Each structure stands twice: as C-alpha cells, then as structure tokens.
Amino acid sequence: MNWGVFQMERKRIIRTLITLSLLVALGAVLYVSQGVDPTNPHSSVSKDVWLHGPKGHGYTVLNNQQPWKQCYTCHEKKGLGGEVYCQSCHDQSGVQVVIPKKPL
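Described in the following lines is the structure provided in the data block. Per chain, residues are indexed from 1 in the order of the written sequence. Selection of residues for local features in this predicted model requires a pLDDT of at least 70, selection of side-chain atom pairs for listing and counting requires 80 or more, and totals for whole chains, interfaces and linings are taken over all residues. By convention in this description, side-chain values take in all heavy atoms of the structure and omit both hydrogens and water.

### Concerning the overall build of the chain
Here a strand is any run of E in DSSP of at least two residues, a helix any run of H or I of at least four, and the numbering for each starts at the N terminus. When helices and strands are counted, the chain shows five helices and zero strands. Mapped in sequence order, the helices and strands of the chain form the string α-α-α-α-α. Note on method: radius of gyration uses C-alpha positions; expected globular size equals 2.2 Å times residues raised to 0.38. Over its C-alpha trace the chain gives a radius of gyration of 25 Å, far above what one expects of a compact globule, namely 13 Å for 104 residues. With respect to the three principal axes, the spread of C-alpha positions in the chain is 85 × 25 × 20 Å. Relative accessibility under 20% of the residue-type maximum defines a buried residue, over 50% an exposed one, and the middle range a partly exposed one, all with a 1.4 Å probe and only protein chains included. Taking all 104 residues of the chain together, 12% fall into the buried category. Here the analysis covers contacts within the chain between residues at least 6 apart in sequence; of these, 35% occur between residues at least 24 apart. For every accessible area listed, the method is Shrake-Rupley and the probe measures 1.4 Å; residues are considered covered only by the protein chains on display. Carbon and sulfur atoms form 64% of the exposed surface of the chain, whose accessible area is close to 8,900 Å². Of the charged side chains in the chain, 11 are positive and 6 negative, and the gap between their average positions amounts to 14 Å. Here, residues are in contact when the closest pair of their heavy atoms is within 4.5 Å. Lys and Arg are tallied as positive, Asp and Glu as negative. Neither His nor the chain termini are counted. A charged residue contributes its charge at one atom only: NZ of Lys, CZ of Arg, CG of Asp or CD of Glu.

Next up, the structure:
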C-alpha cells in the first residue's frame, strides 16, 4: 500500500467524523432549544422551582412591589391578563394576598 494514499484516506475519514460530530451536535442543540420559549424569562426554571424555590415567585414578589412595571406587561402580551391573572392563580391556590395597585 502506498503511504501517501493511506495518509490521505486517514485525513478524509477524520474530516468525515468531525463533520458528522458537528451535525449531531447541531441537531442536539436544535432539539433541546425547541422546548424553550425565548420570550419567557421563567422558561429555564421548572414550574415547581419557580413557584416554590428560594429565588422563585415569592422572592420576586417580595422584591418587586411594582408588578405593573414587569409582570403585568409580559402576562398581558401572552394573553394571560394582568392583575386578574395573578389574582386567579392566588384564588386557585388558596393564597390570601393583597396585590399592589398601580398608582394613579
């Protein structure tokens, strides 16, 4: 066997393996990214962690007493509603809370 032909064949096989690896990696990234909503800032956190975790909903509410500036705007864009959406969730879960009102 000619040594030069063997080296060229080896390089071609390596290039093919690299190309296939990159295609598989791209496919994996595309598959995983399908489950993420880029417009939802909470999408990277599971619902349970968001609702009950140490830096979740409760933390956000306690540190953001102006939900009309952040929460309502986004919830309304999603078609969920603003204050009504928050209140309905609180009612379903039996949470008694006074939602801060937007100043006039």
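### Details of a nonpolar patch on the surface
Candidate patch residues must exceed 30% relative accessible area and have no salt bridge, after which like charges are joined if within 9 Å and Val, Leu, Ile, Met, Phe, Trp or Tyr side chains if within 5 Å. Each salt bridge in this description consists of a side-chain nitrogen of Lys or Arg and a carboxyl oxygen of Asp or Glu lying within 4 Å of one another. There is a patch of nonpolar side chains on the surface, built from L20, L23, L26 and L30 and spanning about 390 Å² of accessible area. Relative to the assigned elements, L30 resides in helix 1 (residues 3–33).

### Here we look at the pattern of salt bridges
Inspection of every chain in the model, using the stated rule, returns one salt bridge. The residue R12 makes a salt bridge to E9 at a minimum N-O spacing of 3.3 Å. Note that R12 and E9 are positioned in helix 1 at a spacing of three residues, about one turn of the helix.

### Brief notes about the environment of L80
With respect to the element layout, L80 can be found in the loop between helix 4 (71–77) and helix 5 (83–93). As a C-alpha pair, L80 and I18 span 62 residues in sequence and 46 Å in three-dimensional space. Those residues in contact with L80 that lie beyond four places of it in its chain are H75 and Y85.

### A closer look at the side chain of H75
Position of H75 relative to the elements: it lies in helix 4. Residues within four places of H75 in sequence aside, it is in contact with L80, G81, Y85 and C86.

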